[in-house]
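Structure assessment
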Amino acid sequence: MKFNLNYSVEIESCNIDHLTAVFKQLMVMIFTDFVRSVLRHFAEWSMSMEEKPFCCPCGNSKDFVWKTGNAKPTRISTIFAELELPQMQVRCKSCGKKMFITRALLGIERYQRMSSVTERILGVLGVLSSFRVSEKILGLFGLSQNRMKIWRCVQKVGAGIELGIDPEQLPAGEADGTGIPTQGIRKRGRELKVFVQKKIGGGVRIAGLDIGQYNGDWDRLFHPLIPSLRTFERFLIITDGDTNILKPLKNVNVFVQRCLWHIPHQLKHSLWTDGVKRKSEDWKQIMGRIFDISAIRPQLADDEIQAVVKHKRERLDKLISFCTERGYQACTSYLHNAKPDMFTSLEKRLHGKSTSLAERVMRTVNLRINVGKWSQAGALNAMKLRLAHYYNGWTPGAPEVNKQIVRRVEKDE
């Protein structure tokens, strides 16, 4: 198929900004006419075929006659423009029922305003930036898409993404959680729990995602993964969450590792609970010690690890004694609870001081989740889409439209 589209354009200046502004207006006109021309051509071609690309509810897909090629228009949203296209109507010879074929030819379901690929593109845009910023960005390019439409695309596309363990990747993973701002709850009322699987060649992929209470609801994260975990001969999981649901799995080794990055920051809350004034002498003494204890030098040799762990445990015992002597009960309790699992990864020669790979994922989460307050379902869908895009290779475009199908035609052709 070849199309010749003729336009008369008045150019007042050769300035690149002026040419850009003219082209933005011209693009909408060209794209609208292009879609209408292609639609008309394919409609005529389809009616000439013995087997039509659409079907009547009665089952007939062969015998139709034209009723009109320009009925009441329908609106279709695209990433370039809002299109107003004619409704093409045919009549079934078998049952006499009339039906519109415009949406069938365009591949868009009845009552929908955009294609699945357009929804995916707007969905990705909505999780890469805030909904308000997404609306502004599109407006800079002359595209009219309001923030609520972008939000709906995020929710629809995110809800359709399925996560799981990849049997072709490494039999190892990490699980961790981070607080998220939730509607109706002060500050970070719920915890986003993430399970990442290590990939061959480095990096991670998202294998599980859920939202629940702090210090609980880990079963909901791991339960859908159990059938996949059973297929591995051995699987290693490092986490600081509850893994009771995984205990019956004989092939899964679970090591509990308290995040050494979080321990000093969570200890600040315990100091506040005990009424220790910020930046007082005791506050500085305790924080200075815990930062030193939780700092692990990378690339320790195997013969150095035992001595390092022994030294740090001794210093931790002295810090606990110091807090006990001062009557800081919250600090003492917190450090006692953290002590057994602070150096698990180091002692097991796992070359990691915490769930560090999962912690990097949390940075990606926080860059978006910290903007605004979320419902639990809204936050989960948005983060599934954002993390799948960053870590699982999820792309918004369909494979068949990513191929280069346009070429320049020279004059002598």
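Below is a summary of the structure that appears in this document. (Residues numbered from 1 in each chain as written. Predicted model: local features only at pLDDT ≥ 70, side-chain atom pairs only at ≥ 80, totals over all residues. Heavy atoms only, no water.)

Some thoughts on a positive patch on the surface
Which entries qualify depends on this criterion: Only residues whose relative accessible area exceeds 30% and that form no salt bridge enter a patch; like-charged residues are grouped when within 9 Å of one another, and nonpolar side chains (Val, Leu, Ile, Met, Phe, Trp, Tyr) when within 5 Å. Surface accessibility follows the Shrake-Rupley procedure with a 1.4 Å probe radius. Residue values consider only the protein chains on display as shielding. One speaks of a salt bridge when a side-chain nitrogen belonging to Lys or Arg is within 4 Å of a carboxyl oxygen belonging to Asp or Glu. Positive charges come from Lys and Arg, negative ones from Asp and Glu, while His and the chain ends are left out of the count. Note on charges: their place is set at NZ of Lys, CZ of Arg, CG of Asp or CD of Glu. In this description a helix means any DSSP run of H or I spanning at least four residues, a strand means any run of E spanning at least two, and both kinds are numbered starting from the N terminus. Three exposure classes are used, based on accessible area relative to the maximum for each residue type with a 1.4 Å probe and protein chains only: buried under 20%, partly exposed in between, and exposed over 50%.
On the surface, Lys67, Arg91, Lys93 and Lys98 cluster together into a patch of positive charge. Secondary-structure assignment places arginine 91 in strand E2 (residues 82-92). Take arginine 91: its relative accessible area is 30%, and that puts it in the partly exposed class.

Thoughts on the sheet that holds strand E6 (residues 204-212)
The criterion, for reference: One requirement defines pairing of two strands: DSSP has to find at least two bridges between them. A fitted line through C-alpha atoms represents every axis, and for helices the fit uses only the stretch in contact; the resulting angles, taken between N-to-C directions, go from 0 to 180 degrees. Two residues qualify as a contact provided that any one of their heavy atoms is within 4.5 Å of a heavy atom in the partner residue.
With mixed pairing, the five strands of this open sheet are ordered in space as E6-E5-E4-E7-E8. One side of each edge strand has no neighbouring strand; the edge strands of this open sheet are E6 and strand E8 (252-256). Each strand axis lies, on average, 20° off the axis of its neighbour in the sheet, ignoring direction. Here strand E4 (residues 172-180) runs beside strand E7 (residues 235-239); their pairing, made up of four bridges, is parallel. Among the inter-strand pairings, glycine 173 is bridged to a residue of E7, identified as isoleucine 237. Together, E4, strand E5 (190-198) and E6 form the strand contacts of helix H14 (residues 376-391), whose direction differs from that of E6 by roughly 175°.

Here's the deal with the sheet that holds strand E1 (residues 64-77)
Adjacent strands of a sheet form backbone hydrogen bonds with each other and so pair up, either parallel or antiparallel. What the three strands build is an open sheet, ordered E1-E2-E3; its pairing is antiparallel. In this open sheet, the two strands that pair with only one neighbour each are E1 and strand E3 (98-100). Neighbour to neighbour, the strand axes of the sheet diverge by 25° on average, direction disregarded. In this sheet, E3 lies alongside E2 in antiparallel orientation, the contact comprising three bridges. Bridged to arginine 91 within E3 is lysine 98.

A look at the nonpolar core
Going by this rule: By nonpolar core we mean a set of buried residues, namely Ala, Val, Leu, Ile, Met, Phe, Trp, Tyr and Cys, connected to one another through side-chain atoms within 4.5 Å.
The biggest cluster of nonpolar side chains holds 35 residues, and the ones touching the most others in it are Leu192, Val194 and Val361. With eight residues, H14 is the largest single contributor of residues to this core. Leaving out residues up to four positions away in the same chain, leucine 192 has contacts with Asp176, Gly177, Thr178, Ile180, Leu209, Asp210, Ile211, Met362, Val365, Leu380 and Met383. In this structure, Leu271, Val309, Cys323 and Tyr328 belong to the second largest nonpolar core, which totals 27 residues.

Focus on the state of the cysteines
Such a bond, covalent and formed between the sulfur atoms of two cysteines, is termed a disulfide. The criterion, for reference: Cysteine sulfur atoms are paired as a disulfide whenever they fall within 2.5 Å.
Across all of its chains, the model carries zero disulfides by this definition. No disulfide involves cysteine 56; its nearest neighbouring cysteine sulfur is the one of cysteine 58, lying 3.5 Å away. Here cysteine 56 falls in the buried class, since its relative accessible area comes to 3%. The cysteine cysteine 95 is free of any disulfide, with cysteine 56 supplying the nearest cysteine sulfur at 3.5 Å.

Here we look at the packing of aromatic side chains
Going by this rule: Put simply, two rings from Phe, Tyr or Trp (the six-membered ring, in Trp's case) pair if the centres are within 6.5 Å, and we call them stacked under 30 degrees between planes, edge-to-face over 60, tilted for the rest.
This model, assessed by the stated rule, comprises eight aromatic pairs. Aromatic pair phenylalanine 54 and phenylalanine 64: ring centres 5.2 Å apart, planes at 65°, arrangement edge-to-face. Of this pair, phenylalanine 54 sits in the loop between helix H1 (16-48) and E1 while phenylalanine 64 sits in strand E1; the two residues are ten residues apart in sequence, bridging distant segments of the chain. Since its relative accessible area comes to 7%, phenylalanine 64 is described here as buried. When the centroid spacing of 5.7 Å and the interplanar angle of 70° are considered together, the rings of phenylalanine 195 and phenylalanine 222 count as edge-to-face. Here phenylalanine 195 is found in strand E5, whereas its partner phenylalanine 222 is found in helix H6 (residues 218-222), with 27 residues between them in sequence. Comparing phenylalanine 195 with phenylalanine 222 shows no difference in burial state: the two are buried. Three or more aromatic residues link up through ring pairs in this structure, and these residues are Phe195, Trp218, Phe222, Phe232 and Phe235.

Focus on the pattern of salt bridges
Applying the stated criterion across every chain, the model contains ten salt bridges. The residue glutamate 119 makes a salt bridge to lysine 156 at a minimum N-O spacing of 3.1 Å. With glutamate 119 in helix H3 (residues 116-128) and lysine 156 in helix H5 (residues 147-159), the pair connects residues that are 37 residues apart, well separated along the chain. Taking relative accessible area as the criterion, glutamate 119 reaches 12% and is therefore assigned buried. Among the ionic pairs, aspartate 317 bridges to lysine 339, the shortest N-O distance being 2.6 Å. Placement of the pair is aspartate 317 in helix H10 (residues 302-326) and lysine 339 in the loop between helix H11 (329-338) and helix H12 (344-347), with a sequence separation of 22 residues. Residue classification places aspartate 317 among the partly exposed residues on the basis of a relative accessible area of 32%. Each of the salt bridges in this network shares a partner with another, and the network as a whole consists of Glu82, Arg113 and Lys149.

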